[in-house]
Amino acid sequence: MTEFMQPINPMRITTGNDEWSFKTPVFALAIQDDKVTFLTINGNFYTPEKIKFAEMNINGQWIALESHKQPSLTRPTSDT
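These numbers come from a predicted model, not from an experiment. (Residues numbered from 1 in each chain as written. Predicted model: local features only at pLDDT ≥ 70, side-chain atom pairs only at ≥ 80, totals over all residues. Heavy atoms only, no water.)

**Let's talk about the overall build of the protein chain**
Worth spelling out the cut-off: The helix and strand labels rest on DSSP assignments: H or I over at least four residues marks a helix, E over at least two residues marks a strand, and numbering proceeds from the N terminus. When accessible area is computed with a 1.4 Å probe and restricted to protein chains, residues below 20% of their type maximum are described as buried, those above 50% as exposed, and intermediate ones as partly exposed. Residues are treated as being in contact if the distance between any of their heavy atoms lies within 4.5 Å. The method behind every accessible area is Shrake-Rupley, applied with a 1.4 Å probe, and residues are considered shielded solely by the protein chains displayed.
A tally of helices and strands in the protein chain yields zero helices and seven strands. By the burial criterion, 25% of the 80 residues in the protein chain qualify as buried. Restricting the contact set of the protein chain to residue pairs at least 6 apart, pairs at least 24 apart contribute 44%. When the accessible surface of the protein chain is summed, it comes to about 6800 Å², and 53% of that surface belongs to carbon and sulfur atoms.

Printed below as a string of structure tokens:
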């Protein structure tokens, strides 16, 4: 099941290539399992593969969003 969430602070994505870029405000995030899709205010869906980066406006500053994959923790097994 897909869950939609609206960002608390203004958010935008940047799309394009080396020659041009286009910034679009984000209306909502669609989250399904571990995949995020950005829903823009003009009704388009963008996956992370299609965007250069995303930004969020915090205290009047546009801050680039980053994601870091966390290593999974393995619990030591006891051989007793």
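What follows continues from the structure just given.
**Regarding the pattern of salt bridges**
Note the cut-off: Salt-bridge detection follows one rule: a side-chain nitrogen of Lys or Arg within 4 Å of a carboxyl oxygen of Asp or Glu.
According to the stated counting rule, one finds two salt bridges in the structure shown. In this structure, the salt-bridge partner of Glu 55 is Arg 12, at a minimum N-O distance of 2.6 Å. Placement of the pair is Glu 55 in strand E6 (residues 53-58) and Arg 12 in strand E2 (residues 11-16), with a sequence separation of 43 residues. According to the relative accessible area criterion, Glu 55 is buried, its value standing at 9%. In this structure, Glu 55 engages Lys 23 in a salt bridge whose closest nitrogen and oxygen atoms are separated by 3.5 Å. Taken together, the residues Glu 55 in strand E6 and Lys 23 in strand E3 (residues 21-32) connect sequence positions 32 residues apart.

**Details of unusual backbone geometry**
Phi is positive for Asn 59, close to 55 degrees, though the residue is something other than glycine. Along the polypeptide, Asn 59 turns up in the loop between E6 and strand E7 (61-64).

**Looking at the side chain of Thr 14**
Counting through the fold element by element, Thr 14 comes out in strand E2. Looking at Thr 14, the relative accessible area reads 2%, which means it is buried. When sequence neighbours within four positions are dropped, the list of residues in contact with Thr 14 reads Ser 21, Phe 22, Lys 23, Ile 51, Lys 52, Phe 53 and Glu 55.

**Topic: the nonpolar core**
What counts here: We define a nonpolar core as any set of buried Ala, Val, Leu, Ile, Met, Phe, Trp, Tyr and Cys residues linked to one another through side-chain atoms lying within 4.5 Å.
Counting residues in each nonpolar core, the largest one holds nine residues, listed as Met 11, Ile 13, Val 26, Leu 29, Phe 38, Tyr 46, Ile 51, Ala 54 and Met 56. Of all the secondary structure elements, the ones that give two or more residues to this core are E2, E3 and E6. Non-local contacts of Ile 51, meaning those with residues more than four positions away in its chain, are made with Ile 13, Thr 14, Thr 15, Phe 38 and Tyr 46.

**What to know about the environment of Ala 30**
Relative to the helices and strands, Ala 30 is located in strand E3. Given the relative accessible area of 6%, Ala 30 is considered buried. Along the primary structure Ala 30 and Thr 2 are separated by 28 residues, whereas in three dimensions their C-alpha atoms are 6.3 Å apart. In this view, Ala 30 contacts Thr 2, Glu 3, Phe 4, Lys 35, Val 36 and Thr 37; residues no more than four positions away in its chain are not counted.

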